[in-house]
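# Analysis of the macromolecular model
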Amino acid sequence: MSFTDADLIARVLSHEDQNAFSELVRRHQSPVRAFLARMTRGDAHLADDLAQETFLKAWQKLYTYRGGARFSTWLFGIAYNEFRMASRRRKELAWGEVDEAMMASEKPAAARDSHLRLDLTEALNLLNSNERAAVVLCCQNGLSHKEAAQVLDCPPGTIKTNILRGKEKLRRRLSLAYKNYESA
Amino acid sequence: MNPPETNDPLDAWLREQDKYIEDNGFTARVVAALPRRRRAWLRPVLLLSAVAIGSVLAVLWLPWGNLPVPDSSALLSLDSQVLMPWVLVLSVMAALVWGTISALEWED
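Small disclaimer: the values here were computed from a predicted structure and weren't measured. (Residues numbered from 1 in each chain as written. Chains lettered and ligands numbered in written order. Predicted model: local features only at pLDDT ≥ 70, side-chain atom pairs only at ≥ 80, totals over all residues. Heavy atoms only, no water.)

On a plain count of helices and strands, chain A comes out with 11 helices and zero strands. Going from the N terminus to the C terminus, chain A shows its helices and strands as α-α-α-α-α-α-α-α-α-α-α. Here chain A has roughly 8,900 Å² of accessible surface; of this, 52% comes from carbon and sulfur atoms. (Helix = DSSP H or I, 4+ residues; strand = E, 2+ residues; numbered from the N terminus. Areas by Shrake-Rupley, 256 points an atom, 1.4 Å probe, with all protein chains shown as cover.)

Secondary structure assignment for chain B yields five helices and zero strands. Sorting the 108 residues of chain B into buried and exposed places 23% on the buried side. Considering only contacts within chain B whose residues lie at least 6 apart along the sequence, 60% involve residues at least 24 apart. Entry remark: accessible area of chain B is about 7,600 Å², with carbon and sulfur atoms responsible for 65%. (Buried < 20%, exposed > 50% of the residue type's maximum accessible area, 1.4 Å probe, protein only. Contact = heavy atoms within 4.5 Å.)

Attention now moves to the packing of aromatic side chains. According to the stated counting rule, one finds seven aromatic pairs over all chains in the structure shown. Ring geometry for A:Phe21 and A:Trp59: centres 5.1 Å apart, planes at 65 degrees, overall edge-to-face. Here A:Phe21, found in helix 2 (residues 18–39), pairs with A:Trp59, found in helix 3 (residues 44–61); they are 38 residues apart in sequence, far enough to count as distant. Here A:Phe21 matches A:Trp59 in class, with each residue buried. Centre to centre, the rings of A:Phe55 and B:Phe26 are 5.9 Å apart; their planes meet at 70 degrees, and the pair counts as edge-to-face. (Phe/Tyr/Trp six-rings, centres within 6.5 Å; stacked < 30°, edge-to-face > 60°.)

For the rest of this paragraph, the subject is the packing of helix 3 of chain A against helix 4 (residues 71–89) of chain A. Residue and element names in this part refer to chain A. Relative to each other, helix 3 and helix 4 sit at 125 degrees, their axes nearing to 9 Å. The angle between the axes of helix 3 and helix 4 places the two elements in the oblique class. Judged by the sense of rotation from one axis to the other, the crossing of helix 3 with helix 4 is right-handed. Contacts from Leu50, Glu53, Thr54, Phe55, Lys57, Ala58 and Lys61 in helix 3 reach Trp74, Leu75, Ile78, Ala79, Glu82, Phe83, Met85 and Ala86 in helix 4. (Axes fitted to C-alpha atoms, helices over the stretch in contact; angles between N-to-C directions. Parallel < 35°, antiparallel > 145°, perpendicular 65-115°, else oblique. Left-handed = near helix turned anticlockwise from the far one by under 90°.)

Along the chain, B:Thr27 falls in helix 2 (residues 26–32). Classification of B:Thr27 by relative accessible area gives buried; the value is 3%. Leaving out residues up to four positions away in the same chain, B:Thr27 has contacts with A:Ser22, A:Val25, A:Arg26 and A:Gln29.

This part takes up the pattern of salt bridges. When the charged atoms of two side chains with opposite charge come close together, those side chains can pair. The tally for this structure, following the rule as stated, stands at nine salt bridges over all chains. A:Glu131 is the salt-bridge partner of A:Lys169, the closest N and O atoms lying 3.0 Å from each other. Of this pair, A:Lys169 sits in helix 10 (residues 156–173) while A:Glu131 sits in helix 8 (residues 129–140), and the two are 38 residues apart along the sequence. The burial state of A:Lys169 is the same as that of A:Glu131; both residues are buried. Across the pair A:Lys167 and B:Asp11 runs a salt bridge whose closest N-O atoms are separated by 2.9 Å. Separated into two different chains, A:Lys167 in helix 10 and B:Asp11 in helix 1 (residues 9–16) make up a pair that spans both. Overall, the relative accessible area of 5% leaves B:Asp11 in the buried class. Here the residues in one salt-bridge network are A:Asp5, A:Glu23, A:Arg26 and A:Arg27, joined through shared partners. (Salt bridge = Lys/Arg side-chain N within 4 Å of Asp/Glu carboxyl O.)

Another aspect to go through is the interface of chain B and chain A. Many descriptions give the size of an interface as the accessible area lost when the pieces come together. Between chain B and chain A, the contact holds 35 residues from the first and 45 residues from the second. Interface of chain B and chain A: buried area, both sides summed, is about 3,800 Å²; carbon and sulfur atoms make up 59% of it. Taken together, the connections running from chain B to chain A amount to one salt bridge. Connecting chain B to chain A are eight residue pairs in polar contact (both at pLDDT 80 or more). Those elements that provide at least two residues to the side of chain B that touches chain A are helix 1 and helix 2 of chain B. The element contributing the most residues to the side of chain B that touches chain A is helix 1 of chain B, with eight residues. Within the side of chain B that touches chain A, the residues separate by chemical class into 17 nonpolar, three polar and 15 charged. (Buried area = accessible area lost by both parts, 1.4 Å probe. Polar contact = N/O pair within 3.5 Å; in protein donor to acceptor, adjacent residues only side chain to side chain. Nonpolar A, V, L, I, M, F, W, Y, C, P; charged D, E, K, R; others polar.)

Before going further, it helps to spend a moment on the nonpolar core. Counting 57 residues, the largest nonpolar core has A:Phe21, A:Phe35, A:Leu36 and A:Leu170 as the members making the most contacts within it. With residues up to four places along the chain from it excluded, the contact list for A:Phe35 reads A:Phe76, A:Ala79, A:Tyr80, A:Ala133, A:Val136 and A:Leu137. (Core = buried A, V, L, I, M, F, W, Y, C linked by side-chain atoms within 4.5 Å.)

Put into structure tokens, the structure is as follows:
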């Protein structure tokens, strides 16, 4: 018999059941870790640290989860907050936003021999964090604009704009590989 | 999760990149690090208890019977003999109301 997320949450709240919580972690660890890996531009070690903090916060604040949104959406919200706090702490590192000039430049790609080598992961890393978060949540994880707006704490219109801008930038960066993909 | 219905190849490409990440001990590490969960009700109950005790003390100790009647001339002259008892009473009442509201709206 498999329990729903709501069943497991109820068990955690009523009995502090660590087994129920570990089942919740097992179910949701992959999308949360993948989201944070994208947000940290592929720093898997940091992403896992942030993911661990995310689940520890979820454990402590589970009683604030009202059930209005999906549990995964609620978790993404905590994860994004953890990312934002970490990026504030790490401002001195290479986490700064990529400026438009760098995004538009074709030279870095040429220096890597071929446009094809600039894969989607690299292209995503060149988006600013708002665009990257919106694209990853909606286009990769299948959240609706409304759900992504809850996670990122902004209006749905801003999510739509960031997705449009982000995808436009991805298309520009991936133009050659993208054409190959379409013709395949 | 339900991926949005779209014919955009870029969306398909993005979804293809979304690989499952194996647990590899992640869940065990999280569970090993779990602290005792704070009891959600404890802090608001403590705050409400403090408000209740504060209310009883306020009823017993504040100079309810000796409060001077604030007429306009006393207020305009800022007569401390008239104003200070009222400032004291109103401050205590405001603190009690604030404590009650904070306890009732407590989330974390």
